[in-house]
Amino acid sequence: MATSTTKKAVIRRFQRESLAGYVNPLSYLKLQELSCSLPRARVVNVPYAEIKTVSFRARFRRRPEVERPVFLNRPKMEGLWMRFTFRDGEVMEGIMPNNLLPVEPYGFSVIPPHPYSAQQRVFLPRPALRSAEVLGVVGSPLKRRKEKAARRSSDRSVRRIGFWRI
């Protein structure tokens, strides 16, 4: 794998310990498994059935950080506010893009509730999930259009009043 395109990732698994390594975001997803390069130049293919999450990170930490699994308030980022329930009952929330074309057939890529930590993006394989629910649409373009239309109509009424006064 070329080092310029690889990203640091931590693969959390259901029954085994986590793996920390590097993945190529353009080619790490395969039909039945995920490909990861470990630090000692060993490539490991992990089946989707074993994977709980793949966290793309800014840096590896010796001490694990406490990651917040849900939002404390309504998120401010634009996108779909999602809640995922894992096979083991754990719940995680995240933001997905409002455009559904980039959704991978193998799972979901979300921005976690605390994006300013070391964890920047999380990939959730479909076999790891029991459910995926949309909690809300944040920053909907429909709301903006209505606001602009209301402003335009109020501007026209002011102009008409001004026209009749002259």
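Residues numbered from 1 in each chain as written. Predicted model: local features only at pLDDT ≥ 70, side-chain atom pairs only at ≥ 80, totals over all residues. Heavy atoms only, no water.

A short note on the pattern of salt bridges
Inclusion rule: For this analysis, a salt bridge means a side-chain nitrogen from Lys or Arg found within 4 Å of a carboxyl oxygen belonging to Asp or Glu. Secondary structure counts use DSSP, requiring at least four H or I residues in a row for a helix and at least two E residues in a row for a strand, with both numbered from the N terminus. Remark: exposure states derive from per-residue accessible area (1.4 Å probe, protein chains only) relative to the maximum for the residue type, with buried under 20%, exposed over 50%, and partly exposed in between.
Under the counting rule described, the total for this entry stands at 6 salt bridges. For Arg16, the salt bridge goes to Glu50, with nearest N and O atoms at 3.9 Å. Within this pair, whereas Arg16 is found in the loop between β1 (7–13) and β2 (19–23), its partner Glu50 is found in the loop between β4 (42–47) and β5 (51–57), the two being separated by 34 residues in sequence. We classify Arg16 as exposed; its relative accessible area is 55%. You can call Glu50 partly exposed: its relative accessible area is 28%. The salt bridge partner of Arg83 is Glu93, with a shortest N-O separation of 2.9 Å. Placement of Arg83 in strand β6 (residues 79–86) and of Glu93 in strand β7 (residues 91–96) is noted, with a sequence separation of 10 residues between them.

Considering the nonpolar core
Side chains of nonpolar character tend, in soluble globular proteins, to be buried together. Applicable threshold: Nonpolar cores were defined as sets of buried Ala, Val, Leu, Ile, Met, Phe, Trp, Tyr and Cys residues, with membership established by side-chain atoms within 4.5 Å.
Ile11, Val23, Leu34, Ile51, Val54 and Phe56 are the most contacted members of the largest nonpolar core, which totals 15 residues. Secondary-structure elements contributing two or more residues to this core are β1, β2, β3 (33–38), β4 and β5. By size, the runner-up hydrophobic cluster in this structure holds 13 residues, among which are Met82, Phe86, Val110 and Leu129.

Quick word on the sheet that holds β7
Operational definition: For two strands to be treated as a pair, DSSP must find at least two bridges joining them. For helices, the axis comes from a line fit to the C-alpha atoms of the stretch in contact; other axes are also lines fit to C-alpha atoms, and the angle between any two N-to-C directions lies between 0 and 180 degrees.
Strand order in the open sheet formed by 3 strands is β7-β6-β10, and the pairing between neighbours is antiparallel. Strand pairing shows two members of the sheet lacking a second neighbour, β7 and β10 (129–138), which therefore form its edges. With strand direction ignored, the average angle separating the axes of adjacent strands in the sheet is 25°. Where β6 and β10 come together, 8 bridges link them in antiparallel fashion. Within the sheet, the bridge partner assigned to Leu80 lies in β10 and is Val137.

Concerning the environment of Gln15
With respect to the helices and strands, Gln15 occurs in the loop between β1 and β2. Along the chain, Gln15 and Ile51 lie 36 residues apart, while their C-alpha atoms are 9.0 Å from each other.

Focus on the packing of aromatic side chains
Just so we agree on the cut-off: Whether two aromatic rings pair depends on their centres lying within 6.5 Å, for rings of Phe, Tyr and Trp, where Trp uses its six-membered ring; planes under 30 degrees apart make the pair stacked, over 60 edge-to-face, and the rest tilted. Whether a charge lies above a ring is judged from NZ of Lys or CZ of Arg, which has to be within 6 Å of the ring centre and within 35 degrees of the ring normal.
The final tally for this structure, using the stated rule, is 2 aromatic pairs. Relative to Phe108, the ring of Phe84 lies with its centre 5.4 Å away and its plane at 45°, an arrangement referred to as tilted. Pair noted here: Phe84 is in strand β6 and Phe108 is in strand β8 (residues 107–110), with a separation of 24 residues, a long-range link. It is Lys52 that lies over the ring of Phe86; its NZ or CZ is 5.4 Å from the centre. Taking the ring centre of Phe14 as reference, the NZ or CZ of Arg87 above it sits at 3.9 Å.

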